[in-house]
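Close look at the chain arrangement
What follows is each chain in one-letter form.
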Amino acid sequence: EHYKSKLIKAKSTTDLDYIKATHNGYKKNNVNHIREFKFDKKNKFINIVDHISLSDSKNHFFEFPLHFHPDVKLKKIEKKRFIAEIEKIGKLEISIKSNFTLEVIRGQKTPILGWYSNQFYKKTPCSVLYTSGYFNTNTIINTNIKVKKI
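Just so you know, these numbers come straight off a predicted model, no measurement behind them.

1. Topic: the overall build of the chain
- Within the chain, the regular secondary structure consists of 0 helices and 13 strands.
- Taking the principal axes of its C-alpha atoms as reference, the chain extends roughly 45 × 45 × 35 Å.
- Within the span of the chain, comprising 150 residues, buried residues form 33% of the whole.
- A separation of at least 24 residues holds for 52% of the contacts in the chain among residues at least 6 apart in sequence.

Here it is as structure tokens:
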């Protein structure tokens, strides 16, 4: 049986796109996930809020890999702030507010993470902003992406 997604709310105006949805993909693990996605078009700002709620008190592992194209250079500027840049095209500032570990992974073989493939039998290393950790209470991960230069 496939997981079921459910739209909670959606709105689109000339200044803002907003969507809030959930799915039952983690139900067997006693985890509920709701994601809110807001795109402020005027200020070129994206906010992603992940609400993770538990129906037990067990320790759960969370991972959120944010994948980038191989041409994107990803560098850490502070503990939880990063710059993603494609030379002569644009730059994004990404910050993630959570109690989890954040790291940049590129072309990792074990476990496989940080690869891009646009055709069979060809893979290219790419950067992944990888957020992970354990939790046993309800938690929120707040990801902000700001367009800095185009």
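2. Section: a nonpolar patch on the surface
- A surface patch of nonpolar side chains, about 250 Å² in accessible area, is lined by L7, I19 and F37.
- With respect to the secondary-structure elements, F37 resides in strand 3 (residues 31-40).
- Owing to a relative accessible area of 31%, F37 belongs among the partly exposed residues under this scheme.

3. Describing the sheet that holds strand 3
- Strands sit in the order 1-2-3-4-13-8-7-6 across an open sheet of 8 strands; the sheet is antiparallel. Looking at which strands have only one partner, the edges of the open sheet turn out to be strand 1 (5-12) and strand 6 (73-78). The mean angle between the axes of side-by-side strands here comes to 15°, regardless of whether they run parallel or antiparallel.
- Pairing geometry for strand 1 and strand 2 (residues 16-23), over 7 bridges, is antiparallel. Along strand 2, the bridge assignment pairs K11 with Y18.

4. A closer look at the environment of L66
- Following the sequence through the fold, L66 ends up in strand 5 (residues 60-67).
- Residues L66 and T110, 44 residues apart in the sequence, show an inter-C-alpha distance of 18 Å.
- The residues contacting L66, other than those within four sequence positions of it, are S127, V128 and L129.

5. Describing the sheet that holds strand 12 (residues 127-135)
- The strand order across the open sheet built from 3 strands is 5-12-9, with neighbouring strands paired in antiparallel fashion. Looking at which strands have only one partner, the edges of the open sheet turn out to be strand 5 and strand 9 (101-106). Strand-to-strand twist of the sheet, defined as the mean angle between neighbouring strand axes without regard to direction, takes the value 25°.
- Summarising the sheet, strand 9 and strand 12 pair through 6 bridges and their orientation is antiparallel. Directly across from T101, in strand 12, lies its bridge partner S132.

Criteria and thresholds
Residues numbered from 1 in each chain as written. Predicted model: local features only at pLDDT ≥ 70, side-chain atom pairs only at ≥ 80, totals over all residues. Heavy atoms only, no water. Helix = DSSP H or I, 4+ residues; strand = E, 2+ residues; numbered from the N terminus. Buried < 20%, exposed > 50% of the residue type's maximum accessible area, 1.4 Å probe, protein only. Contact = heavy atoms within 4.5 Å. Patch = residues over 30% accessible without salt bridge, like charges linked within 9 Å, V, L, I, M, F, W, Y side chains within 5 Å. Areas by Shrake-Rupley, 256 points an atom, 1.4 Å probe, with all protein chains shown as cover. Salt bridge = Lys/Arg side-chain N within 4 Å of Asp/Glu carboxyl O. Pairing = 2+ DSSP bridges. Axes fitted to C-alpha atoms, helices over the stretch in contact; angles between N-to-C directions.

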